[in-house]
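Structural description and commentary
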Amino acid sequence: MAGGRCSPLPMVLLAAWVAAETAEEVRPEQASLPAERSMVLPMTASNWTLVLEGEWMLKFYAPWCPSCQQTDAEWETFAKIGELLHISVGKVDVIQEPGLSGRFFVTTLPAFFHAKDGIFRRYRGPGIYEDLQNYIVQKKWQSVEPLTGWKSPASLTMSGMAGLFTISGKIWHLHNYFTVTLGIPAWCSYVFFIIATLILGLLMGLVLVVISECFCVPGPRHLSEHPEQNQKSKEAHRADQLLDAEEEKDDSNEEENKDSLVDDEEEKEDFGDEDEAEEDEEEDNLATGVDEESGDTRDQGPPREAQEEEEPEETEEDAPEQPLSPDMEVTEDTLRQRKSQHAEKGP
């Protein structure tokens, strides 16, 4: 304090304290106000079943999608009047929830869905507040075909699709971790996934083999120890069966042949009896015909005998060539045919 001067250090400290106090008092009132609460409910794999009850509107988006960002404000405005329309409004981030995007089979962004008591419909209009409000108030969703059957997000098929999308999302996140966070080259990440796929396939095959061994009934032990002997015994058994079948065929053929021979002999005997009867009848007819002709010759008398005495040589030569009557010729032909048939059947 000598010389009437103050030390500069206390003055600097005092000025810094005054400035700090003034800055705290001049803070904007907006910083102290709480942020406005959003009326849009984020949907995840754990709470998505809420949409199966009541009426809902869902929006599928991605943070990097420009079209999705343009509809964010309209969607928030639509959610604020949700209570007046008796409707709940939700949103799904397809990056964080790939399983839900697979369950609803979302292929374009943004995608909007309407749900009413578990019945889902795809909204294909613009994501503008007025259009969304008219879609609910005027019940335009009733004219839209619902997603039924295997296309329904609650079906077993789409549940499997959700599992596949979930696995693909985890693989994608892991790939980004390798390439972005750790700085590993992309080809090294691909090689890792290829090797992991092969190992996983081998493990699953091993599990299936173990399950089959546990649940399948094992065969007899002696059959498994001697496969060659079992094969030979099977072949011998098959050969025996074939021989038995051939013998049965031969026996049946022999019996059929015997039966056919017996039938032929009986038929021959029947034909022989019929032939003998016919021959006897023909002989009787022939005898009667000869008697009639001899009676006719007797009636003719001496003129024919005188003619025979005058030309004895000519009659002897021409006697075999004299024409017979038609009845005689027919009878002689039939007798010859019968004799020839008997001669053939005799041996």
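So, here is what we can say about the structure in this document. All values derive from a computational prediction rather than experimental measurement.

**Digging into the overall build of the protein**
Looking only at helices and strands, the protein features 14 helices and 5 strands. Looking at the protein as a whole, 21% of its 347 residues qualify as buried. With an accessible surface of roughly 26,300 Å², the protein has 57% of that area assigned to carbon and sulfur atoms.

**Looking at the pairing of strand E4 (residues 111–116)**
With 5 of 6 residues buried, E4 lies mostly within the body of the structure. The sheet contact formed by strand E2 (residues 55–61) and E4 spans 6 bridges and is antiparallel. Bridge pairing in E4 places lysine 59 opposite phenylalanine 112. Two elements, E4 and strand E5 (residues 119–123), share 5 bridges in a ladder whose sense is antiparallel. Residue lysine 116 lies in a different strand from E5, and its bridge partner there is isoleucine 119. The hairpin formed by E4 and E5 contains 2 residues between the paired strands, and aspartate 117 there has a positive phi angle of roughly 55 degrees.

**Considerations on the sheet that holds E4**
In space, the 5 strands of this open sheet follow the order E1-E3-E2-E4-E5, with mixed pairing throughout. The sheet is open, and its two borders are formed by strand E1 (41–42) and E5, each paired with just one other strand. Alignment of E1 against strand E3 (residues 88–93), held across 2 bridges, turns out to be parallel. Bridging across to E3, proline 42 finds its partner in lysine 91.

**Focus: the nonpolar core**
Considering soluble globular proteins, one finds that nonpolar side chains tend to be buried as a cluster. Grouped together as the largest cluster of nonpolar side chains are 19 residues, with contacts concentrated most on Met43, Val51, Leu58, Phe60, Phe104 and Phe113. By residue number, the principal contributor to this core is E2, which donates 4 residues. Once residues within four sequence positions are removed from consideration, leucine 58 is found in contact with Met43, Val51, Trp75, Gly90, Phe104, Ala111, Phe112 and Phe113. Residues Met57, Trp75, Phe78 and Leu132 belong to the second largest nonpolar core, which totals 16 residues.

**What to know about the packing of aromatic side chains**
Evaluated as defined, the whole model comprises 13 aromatic pairs. For the ring pair tryptophan 48 and phenylalanine 104, a centre distance of 6.4 Å and an interplane angle of 85 degrees mean the geometry is edge-to-face. Placement of the pair is tryptophan 48 in the loop between E1 and E2 and phenylalanine 104 in the loop between helix H6 (98–103) and E4, with a sequence separation of 56 residues. Owing to a relative accessible area of 5%, phenylalanine 104 belongs among the buried residues under this scheme. Where phenylalanine 178 meets phenylalanine 193, the ring centres are 6.4 Å apart and the plane angle is 45 degrees; that geometry is what we call tilted. With phenylalanine 178 in helix H8 (residues 156–181) and phenylalanine 193 in helix H9 (residues 186–215), this pair connects stretches of sequence that are 15 residues apart. For the residue pair phenylalanine 178 and phenylalanine 193, the accessibility class agrees, reading buried in each case. Put simply, the rings of Trp48, Phe60, Phe104, Phe113 and Phe120 pair up and form one aromatic cluster.

**A few points about the environment of proline 146**
Within the element layout of this structure, proline 146 appears in the loop between helix H7 (129–137) and H8. Note on proline 146: relative accessible area 28%, which makes it partly exposed. Between the C-alpha atoms of proline 146 and arginine 121, which are 25 residues apart in sequence, the distance is 4.7 Å. Ignoring anything within four residues of it in the chain, the contact list for proline 146 reads Ile119, Phe120 and Arg121.

**Observations concerning the environment of phenylalanine 113**
Its place among the elements puts phenylalanine 113 in strand E4. Residue phenylalanine 113 is classed as buried on the basis of its relative accessible area of 2%. Setting aside residues up to four positions removed in sequence, phenylalanine 113 forms contacts with Trp56, Met57, Leu58, Phe60, Phe104, Val106, Arg121, Arg122, Tyr123 and Leu147.

**Quick look at the pairing of E2**
When you tally the buried positions in E2, you get 7 out of 7 residues, the bulk of the element. Burial of E2 is two-sided: the residues Glu55, Met57, Lys59 and Tyr61 facing one way and the residues Trp56, Leu58 and Phe60 facing the other way are all buried. Of the pairings in the sheet, the one linking E2 to E3 comprises 6 bridges and is parallel in character. Looking across to E3, one finds that tryptophan 56 is bridged to serine 88.

**Description of helix H4 (residues 72–80)**
For H4, the set of buried residues is Trp75, Phe78 and Ala79. Down the axis of H4, the sector holding all buried residues measures 100 degrees, keeping them to one side. Check the buried side of H4 and you find it contacts E2, helix H5 (82–85), E3, E4 and H7.

Here is what the cut-offs are and how they apply
- Residues numbered from 1 in each chain as written.
- Predicted model: local features only at pLDDT ≥ 70, side-chain atom pairs only at ≥ 80, totals over all residues.
- Heavy atoms only, no water.
- Helix = DSSP H or I, 4+ residues; strand = E, 2+ residues; numbered from the N terminus.
- Buried < 20%, exposed > 50% of the residue type's maximum accessible area, 1.4 Å probe, protein only.
- Areas by Shrake-Rupley, 256 points an atom, 1.4 Å probe, with all protein chains shown as cover.
- Pairing = 2+ DSSP bridges.
- Core = buried A, V, L, I, M, F, W, Y, C linked by side-chain atoms within 4.5 Å.
- Contact = heavy atoms within 4.5 Å.
- Phe/Tyr/Trp six-rings, centres within 6.5 Å; stacked < 30°, edge-to-face > 60°.
- Arc of directions from axis to C-beta.

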